[in-house]
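One-letter residues, chain by chain:
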Amino acid sequence: MPRDNMTSTVQKIARQALATFRHPSVVGEHNKVFLENVSKLKSLMAEARAADLKIVPRTAENAPVPSQRIAPPVTYMHIYETDTFSMGVFLLKTGASIPLHDHPGMYGMLKVIYGKVRISCFDMLDKPRDGASGVQFSPPLIPFQSSSLRPSVLRSVGEYTEESGPCVLSPQKDNIHQIDAVDGPTAFLDILSPPYDPDEGRDCHYYKVLHAHSEAADRKSEAQEPGDLWLVEIPQPSEFWCGGEPFPGPKVSL
């Protein structure tokens, strides 16, 4: 492999991702070595730019011309994957969204390389399912949805550009989020650890936000009172699907 590939930004990030997540026994919020490695990975991710990945920022004018079939709103460039982590780039068209979804038992790090995204992060609250008994929701709850209904809280809503640091999620915090393209096409470098694997219980689930009818829920405030906001699992939204395209950047070898 050429030396420039071995010292590329994407190679350094992949190497640090492996060092951070390869030993599951030390992966955890209370392990000093793990937290130090996460900090190093965040610093490397913060430096990533589209040019480092040999990706030309797209505009509405220079986006690929779709073929006769409808082009996907989101595409994914696969970079590298092991049992420890996956690494790739998501590209969103103008107005596109990656709907509210989860990452069961997974850590994640997202770094915008061009454009702007809005990320809304939620956490589920640990309350019994029957806590919704007698509660009225907007939009109304469909009967079969009650088994997947969970009280939740909106942790944060933030906008990220290439000048922003990475957005980080863990199994316990900000694990459920929605990503929206803002003011045009956008793309971000994405690392997940461990990768999605339905056979290991790490499948992607989609959610819809429901609001309980109460005085607290009707307040015109961004703050949500516990119990006012609920998430219900839904099928993958029909307007969302993800296509694929080749990664033009440096090869990764570990």
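Residues numbered from 1 in each chain as written. Predicted model: local features only at pLDDT ≥ 70, side-chain atom pairs only at ≥ 80, totals over all residues. Heavy atoms only, no water.

Caption draft 1: Spatial organisation of the side chain of Asp 174. As for its placement among the helices and strands, Asp 174 is situated in the loop between strand 8 (167–169) and strand 9 (176–181). The buried charged residue Asp 174 lacks any salt bridge, with Lys 173 as its nearest oppositely charged partner at 5.0 Å. Those residues in contact with Asp 174, other than ones at most four positions away along the chain, are Cys 121, Phe 122, Asp 123, Arg 155, Ser 156, Val 168 and Leu 169. (Helix = DSSP H or I, 4+ residues; strand = E, 2+ residues; numbered from the N terminus. Buried < 20%, exposed > 50% of the residue type's maximum accessible area, 1.4 Å probe, protein only. Lys, Arg positive; Asp, Glu negative; His and termini not counted. Salt bridge = Lys/Arg side-chain N within 4 Å of Asp/Glu carboxyl O. Contact = heavy atoms within 4.5 Å.)

Caption draft 2: Quick look at helix 2 (residues 9–21). If you check helix 2, its first and last C-alpha atoms are 18 Å apart, about what 13 residues at 1.5 Å a residue would give, namely 18 Å. Helix 2 sits mainly inside the fold: ten of its 13 residues count as buried. What helix 2 keeps buried is the set Thr 9, Val 10, Gln 11, Ile 13, Ala 14, Gln 16, Ala 17, Leu 18, Thr 20 and Phe 21. (Expected span 1.5 Å × (residues − 1).)

Caption draft 3: Structural context of the sheet that holds strand 8. Pairing in this open sheet of six strands is mixed, and the strands run 8-4-10-2-1-13 from one edge to the other. Across the chains shown, the open sheet's two edge strands, defined by having one partner strand only, are strand 8 and strand 13 (242–244). Put simply, the sheet's adjacent strands are angled 25° from each other on average, direction ignored. Here strand 1 (residues 74–81) runs beside strand 13; their pairing, made up of three bridges, is parallel. Bridging from a neighbouring strand, Val 74 pairs with Cys 242 of strand 13. Sheet contacts for helix 2: strand 1, strand 2 (86–92), strand 4 (107–114) and strand 10 (186–193); angle to strand 10, the most-contacted strand, approximately 30°. Along the sheet, helix 3 (residues 32–46) makes contact with strand 4, strand 8 and strand 10, crossing strand 4 at roughly 15°. (Pairing = 2+ DSSP bridges. Axes fitted to C-alpha atoms, helices over the stretch in contact; angles between N-to-C directions.)

Caption draft 4: Representation of the state of the cysteines. Considering all chains together, one arrives at zero disulfides under this definition. The structure places no disulfide on Cys 121, whose sulfur is separated from the nearest cysteine sulfur, that of Cys 167, by 4.5 Å. On the accessibility criterion, Cys 121 (2% relative accessible area) is buried. (Disulfide = S-S within 2.5 Å.)

Caption draft 5: Fine view of the pairing of strand 9. In terms of burial, strand 9 is a largely internal element, five of the six residues being buried. As defined by bridge partners, strand 3 (residues 97–101) adjoins strand 9 across three bridges and the pair is classed as antiparallel. Paired with Ser 97 across the two strands is Asp 180, which belongs to strand 9. Note: strand 5 (residues 117–124) against strand 9, six bridges, orientation antiparallel. Across the sheet, residue Arg 118 finds its bridge partner in strand 9, namely Asp 180.

Caption draft 6: A look at the packing of helix 2 against helix 3. Orientation of helix 2 relative to helix 3, taken along the N-to-C sense of each, is 165°, at an axis distance of 9 Å. In terms of orientation, helix 2 lies roughly antiparallel with respect to helix 3. Of the two elements, helix 2 crosses helix 3, and the hand of that crossing is left-handed. Taking contact as the criterion, the partners of Lys 12, Ile 13, Gln 16, Ala 17, Ala 19, Thr 20 and Phe 21 in helix 2 are, on helix 3, Phe 34, Asn 37, Val 38, Lys 40, Leu 41, Leu 44 and Met 45. (Parallel < 35°, antiparallel > 145°, perpendicular 65-115°, else oblique. Left-handed = near helix turned anticlockwise from the far one by under 90°.)

Caption draft 7: Just the nonpolar core, in detail. If you look at the biggest cluster of nonpolar residues, it comprises 31 residues, and the most contacted ones within it are Ile 13, Ile 79, Met 87, Val 89, Ile 113 and Leu 189. Put simply, the parts of the chain that give this core at least two residues each are helix 2, helix 3, strand 1, strand 2, strand 4 and strand 10. Beyond its immediate chain neighbours, meaning those up to four positions away, Ile 79 contacts Val 10, Met 87, Gly 88, Val 89, Leu 189, Phe 247 and Val 252. Listed in part, the 23 residues of the second largest apolar core include Ile 119, Ile 179, Phe 188 and Phe 240. (Core = buried A, V, L, I, M, F, W, Y, C linked by side-chain atoms within 4.5 Å.)

Caption draft 8: Up close: the confidence of the model for the protein chain. Here the protein chain shows a mean pLDDT of 86. Residues at 70 or above account for 83%. Between residues 215–226, whose pLDDT stays under 50, and residues either more than four places distant or in other chains, the model counts nine contacts. (pLDDT = per-residue confidence, 0-100.)

Caption draft 9: A look at the pattern of salt bridges. Inspection of the entire model under this criterion finds seven salt bridges. Here Glu 163 makes a salt bridge to Arg 49, at a shortest N to O gap of 3.6 Å. You can see Glu 163 sitting in the loop between strand 7 (149–160) and strand 8 and its partner Arg 49 sitting in the loop between helix 3 and strand 1, a full 114 residues away along the chain. You can call Glu 163 exposed: its relative accessible area is 61%. The salt bridge partner of Glu 159 is Arg 118, with a shortest N-O separation of 3.1 Å. With Glu 159 in strand 7 and Arg 118 in strand 5, the pair connects residues that are 41 residues apart, well separated along the chain.

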